[in-house]
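Listed here are the chains, written in short residue letters.
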Amino acid sequence: MSNYVLNTWYPLAWSRDINNSLHKRRIVGKDLVLYRNSAGNVVAHVDMCPHRMLPLSQGKLKGDVLECGYHGMQFDCSGKCVRVPGQDIIPSNAVVATYPTHENMGLVWIWMGDPALADTSKVYDLPQYHDANWSSVEGDALEIGCHYLNLADNLCDPAHVNFVHLTTLGSSAGEDVPVHHEKQEGKLITWRWINDAPAIPLFQKFGNFKGNVDRWHYYHYHAPSIAVIDFGSALTGTGAPEGNRDDCIQIYACHFMTPVDEDTTIDHWLHVKNFKASEETNKALSAEFRSAFQEDKVILEAIHQNERKYPEHRPIKLAIDASPTRMRKMVQGMIEAEKAPAKEAVAA
Amino acid sequence: MSNYVLNTWYPLAWSRDINNSLHKRRIVGKDLVLYRNSAGNVVAHVDMCPHRMLPLSQGKLKGDVLECGYHGMQFDCSGKCVRVPGQDIIPSNAVVATYPTHENMGLVWIWMGDPALADTSKVYDLPQYHDANWSSVEGDALEIGCHYLNLADNLCDPAHVNFVHLTTLGSSAGEDVPVHHEKQEGKLITWRWINDAPAIPLFQKFGNFKGNVDRWHYYHYHAPSIAVIDFGSALTGTGAPEGNRDDCIQIYACHFMTPVDEDTTIDHWLHVKNFKASEETNKALSAEFRSAFQEDKVILEAIHQNERKYPEHRPIKLAIDASPTRMRKMVQGMIEAEKAPAKEAVAA
Amino acid sequence: MSNYVLNTWYPLAWSRDINNSLHKRRIVGKDLVLYRNSAGNVVAHVDMCPHRMLPLSQGKLKGDVLECGYHGMQFDCSGKCVRVPGQDIIPSNAVVATYPTHENMGLVWIWMGDPALADTSKVYDLPQYHDANWSSVEGDALEIGCHYLNLADNLCDPAHVNFVHLTTLGSSAGEDVPVHHEKQEGKLITWRWINDAPAIPLFQKFGNFKGNVDRWHYYHYHAPSIAVIDFGSALTGTGAPEGNRDDCIQIYACHFMTPVDEDTTIDHWLHVKNFKASEETNKALSAEFRSAFQEDKVILEAIHQNERKYPEHRPIKLAIDASPTRMRKMVQGMIEAEKAPAKEAVAA
């Protein structure tokens, strides 16, 4: 039985990458083939012909119809078979499973659960992404060889920043500053303030601070696979901790995680910031993030390998694990709720 | 327990490749070492010294005797140990299993079953191969990462040609032409005619047809591992469908399959044709086949991967599956007959 | 349950390779991180933070304290946690397992068993290594893809030399000379003399014999993972077999085996010889050994693959297997003795 939340909108691919040819993607352990049809919508089928199991991504797109590369069976955008060469009758079980998709914030989102529950108004949105006073820069689709909940741990965990990202996002000033968290409906916020300290390396490069700053990190986790980190700095004394952020640098670092399978996660990351910058500066900023996330990748993959090698190991718990622990309980609760009888799940 | 037919002559290697040095081959999940002895016969032993399991292919051939590379045990062509350095008594269990071989049509054939049943008169033969009016060109030993019965499916299935081999062996004219088949003793013939249509790309290159042609494909499958495809074309109106093939191009495309193991098959292919051609033309013809079989390889390997990943998947059945389905029943019947008590098997 | 002798000093690494940075090693299936502390001692921890399982070798050495690279937990040389950033209380289970080490003969030795039994006076020593009349040359850390007891077989087996090492250490003269062995407490000696025969290729290069020689090979195996081969030659007629070795070439070829895991062994080899030589000659001598041990590696890895593929195979036994068979019984006896109740083990 699947051990994933299914009734949720997952980020699957950058919209920019999906055109009217055939694209392979994998999510919750399922191989999919994607294409953009003539109406501009993204079609997502299981990537396997029901006849001889050839991946449909090795077939051909003929208009909006996908033709299998082995014997020419054709499937429409709904997954229904519309042609079997050599015979007139189309078997009633000649269908490929197809999943609802929706696009927002430059991404294709997919619903792997009960299609009757796929409400596109629930697709994640960050209002600032659409705000003319803010600007956004798309990042990469970073593949990490770990379970997506290990990446989610990392994104409910401000404490690692001071040890992992010393050249970009962290500084030793924060090593002993405690972390707070608060659970909300389907959401978890983890945060801390590090006040009256030098700016982190990133803001020394891109800000222009002439003294110590107050720095905040708010990790907004939306179960199961979205994390948006609101972080920024303002000159100490300008009242940022009390709510006055008129003169600050603020960035929403978005991590849209695709749970590929038990061993693989793709982190679609982008940043939305309260200032505009030249393309060159945007590229430099992305390069800093890319370098930082590469540091996370190395750590998460090493941990994943050890978890595979030593499945019996029971990690010790520290104070900073409070938020990741709640995060995992929240996700487990969602999975169990889905496995309860169907009617109750709908009612919930 | 082995899930292969054993009492049969399997194609194992090109004769041209086996000389008086040591060659590794693998068939029905067994590693073998081959060499040609001074009498010119091909010797095939299990490739493992019974002492410390070193592959004998890492030893030395001393005349007709094979010496293990670790402690110098020597085995003759029958697999009997004839020397143990450091001791005079040769243990009675110091033998390596050895299998009967025979050569025909440029290939070494091997009998992996009961040696008492190994009748060389039953080795497959195509009479035209020896006919001075015909000519043959040896192809490759194409390794395909799939079970050999998936390749056999493909070789009982004329319908895939129109979708997989559009630039060589097929054309869209045949997409909806139905397929026929007939079972005979240990044999299955699958065929169709595509009449009054343009020649396929291959025959446009190598034939000289000035109009539409009648084209036939007869797939002769000899269980478990031989497929010979009789295909050809004649100008429409010259009576080919009625049996008059005086003025036609005809090719026997032979596929001699080695079932290496559950995940690997080697297709020794060659073609025998009713015309002679320059070496250049023969090479060009082989290049066309090579390109077509590469297309099959890509498809068969993708299917094999999906069969491994999704063992619970039940493919839907189409009309064109009738012949492959019978083929598999035939092979399964042979395997079960062999597993019946030994005396009955011999009687059969 | 571990299938290794644990209460023994194993060779782990060349001392020359371990400095005050972090080094990964693996032994008896456990990953370790090593470093040399400010007192000059080699510290060996399990290479995994007890918090989130990150390998500690991906952390930082801060003085003698090892800091985890994920959240900055710090561990001292005894494995005790001395800092958890963000909290004052250190959990009592925040420790990493640490193993006793000792250095001798250019190697770091480690005790993976009960630390109360780790008596450094029991670390292996070859007196000639420290003798001014002898000289030694360190070799490599040769990784072999096999179980260490298969290498140990090889090092209780003079008979293979005549077939495997014809260009260096063996010659056909010895093919049929019988092998002797004698068991002592925790030790096994296997030997043979090959008298009145031409010198082996190695001694033809590095000795200066003007006639036939008497050659001895004494394989001293110290269970479970040390083999020291005393071999040499003297002119026939000078009385070497009777004990007079005044004018001879003698080499102790030492093999200090690290049982990495079930599939991997590292052979730390060096030679100690009764003559001094130029650096150039020493290098040439090492090159000969390197070439010979590469021949063993090829054989041992091929055997290991076959043992994995055909676990049901029962090798036949020859006369030359008497010593390896006793060796394996000796090691199995040590493992079983350790698994007996703890008090008895200590008493033993």
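Analysis parameters
Residues numbered from 1 in each chain as written. Chains lettered and ligands numbered in written order. Predicted model: local features only at pLDDT ≥ 70, side-chain atom pairs only at ≥ 80, totals over all residues. Heavy atoms only, no water. Helix = DSSP H or I, 4+ residues; strand = E, 2+ residues; numbered from the N terminus. Pairing = 2+ DSSP bridges. Axes fitted to C-alpha atoms, helices over the stretch in contact; angles between N-to-C directions. Contact = heavy atoms within 4.5 Å. UniProt positions renumbered as here; feature names shortened; annotations may be inferred. Buried area = accessible area lost by both parts, 1.4 Å probe. Salt bridge = Lys/Arg side-chain N within 4 Å of Asp/Glu carboxyl O. Polar contact = N/O pair within 3.5 Å; in protein donor to acceptor, adjacent residues only side chain to side chain. Nonpolar A, V, L, I, M, F, W, Y, C, P; charged D, E, K, R; others polar. Domains from an automatic or database assignment. Buried < 20%, exposed > 50% of the residue type's maximum accessible area, 1.4 Å probe, protein only. Least-squares fit on C-alpha atoms with pLDDT ≥ 70 in both.

Time to look at unusual backbone geometry. Residues and elements named next belong to chain A. At the junction of Ala-223 and Pro-224, the peptide bond is cis and its omega measures out at 0 degrees in the coordinates. Look at Met-105: it is not a glycine, yet its phi comes out positive at around 55 degrees. Inspection of the secondary structure assignment puts Met-105 in the loop between β10 (101-104) and β11 (107-111).

What follows is about the sheet that holds strand β14 (residues 187-197) of chain B. Residues and elements named next belong to chain B. Reading across the sheet, the seven strands line up as β12-β18-β17-β16-β15-β14-β13 and stay open at both edges, with antiparallel pairing between neighbours. At either margin of the open sheet sits one strand with a lone partner, and together these are β12 (135-144) and β13 (180-184). Strand-to-strand twist of the sheet, defined as the mean angle between neighbouring strand axes without regard to direction, takes the value 15 degrees. Here β14 runs beside strand β15 (residues 213-222); their pairing, made up of nine bridges, is antiparallel. Paired with Leu-188 across the bridge in β15 is Tyr-221. Of the strands in this sheet, β12, β16 (226-235), β17 (248-261) and β18 (264-273) touch helix α4 (residues 279-309), which is tilted by about 25 degrees from β12.

Our focus in this paragraph is the UniProt feature "domain: Rieske" (unreviewed entry) in chain A. As recorded in UniProt, the feature "domain: Rieske" (unreviewed entry) lies at residues 9-110 of chain A. Helix and strand shares over residues 9-110 of chain A are 0% and 43% respectively, and the end C-alpha atoms of the span are 5 Å apart.

Counting residues at the interface gives 29 residues for chain C, matched by 28 residues for chain A. Here chain C packs against chain A, burying approximately 2,400 Å² in sum over the two surfaces, 57% of which is carbon and sulfur. Per-residue buried area on chain C facing chain A is highest for Arg-52, Met-53 and Tyr-70 of chain C; these three make up 29% of the total on that side. The tally of links from chain C across to chain A stands at four salt bridges. Residue Asp-153 of chain A is joined to Arg-52 of chain C by a salt bridge in which the shortest nitrogen-to-oxygen separation is 2.9 Å. Taken together, the connections running from chain C to chain A amount to 12 residue pairs in polar contact (both at pLDDT 80 or more). Grouping the amino acids of the side of chain C that touches chain A by side-chain chemistry returns 12 nonpolar, nine polar and eight charged.

All names here are of chain C. Spatially, four strands are ordered β5-β6-β7-β8 in an open sheet, and the strand pairing comes out antiparallel. Looking along the sheet, the strands with just one partner apiece sit at the ends: β5 (60-62) and β8 (81-83). In this sheet, β8 lies alongside strand β7 (residues 74-75) in antiparallel orientation, the contact comprising two bridges. The partner of Gln-74 across the bridge, within β8, is Arg-83.

Between chain A and chain B, the residue contacts involve 29 residues of the former and 28 residues of the latter. On the chain A side of the interface with chain B, the three residues burying the most area are Arg-52, Met-53 and Tyr-70 of chain A, jointly 29% of the side's total. Seen at the junction of chain A and chain B, the total is four salt bridges. Put simply, chain A and chain B have 12 residue pairs in polar contact (both at pLDDT 80 or more) between them. Residues that form the side of chain A that touches chain B fall into these classes: 12 nonpolar, nine polar and eight charged.

All names here are of chain A. Taken domain by domain, chain A holds domain 1 (9-120) and domain 2 (127-337). Relative to domain 2, the C-alpha centre of domain 1 lies at a distance of 34 Å. At the interface, 15 residues of domain 1 touch 20 residues of domain 2. Across the domain 1/domain 2 interface, buried area totals approximately 1,400 Å², and carbon plus sulfur atoms make up 64% of it. Arg-16 is the partner of Glu-138 in a salt bridge, and the nearest nitrogen-oxygen pair spans 2.5 Å. Counting across the interface, domain 1 meets domain 2 through eight residue pairs in polar contact (both at pLDDT 80 or more). Within the residue set of the side of domain 1 that touches domain 2, elements represented by two or more residues are β1 (9-14), β2 (23-27) and β11. If you tally residues by element for the side of domain 1 that touches domain 2, the top one is β1, at five residues. When its residues are assigned to classes, the side of domain 1 that touches domain 2 shows 10 nonpolar, three polar and two charged.

Once that is clear, we can look at the environment of Met-112 of chain B. Residue and element names in this part refer to chain B. The topology assignment puts Met-112 in the loop between β11 (107-111) and β12. Residue Met-112 is classed as buried on the basis of its relative accessible area, which comes to 5%. Note: C-alpha distance between Met-112 and Thr-8 (104 residues apart in sequence) is 7.3 Å.

So, on to the relation of the copies chain A and chain B. Mapping chain A onto chain B calls for a screw motion: a turn of 120 degrees about the axis and a shift of 0.1 Å along it, with 0.0 Å RMSD after fitting. The relationship between the two copies is best expressed as a three-fold rotation axis. Considering only C-alpha atoms, the residue of chain A closest to the rotation axis is Arg-308 of chain A, which sits at 12 Å.

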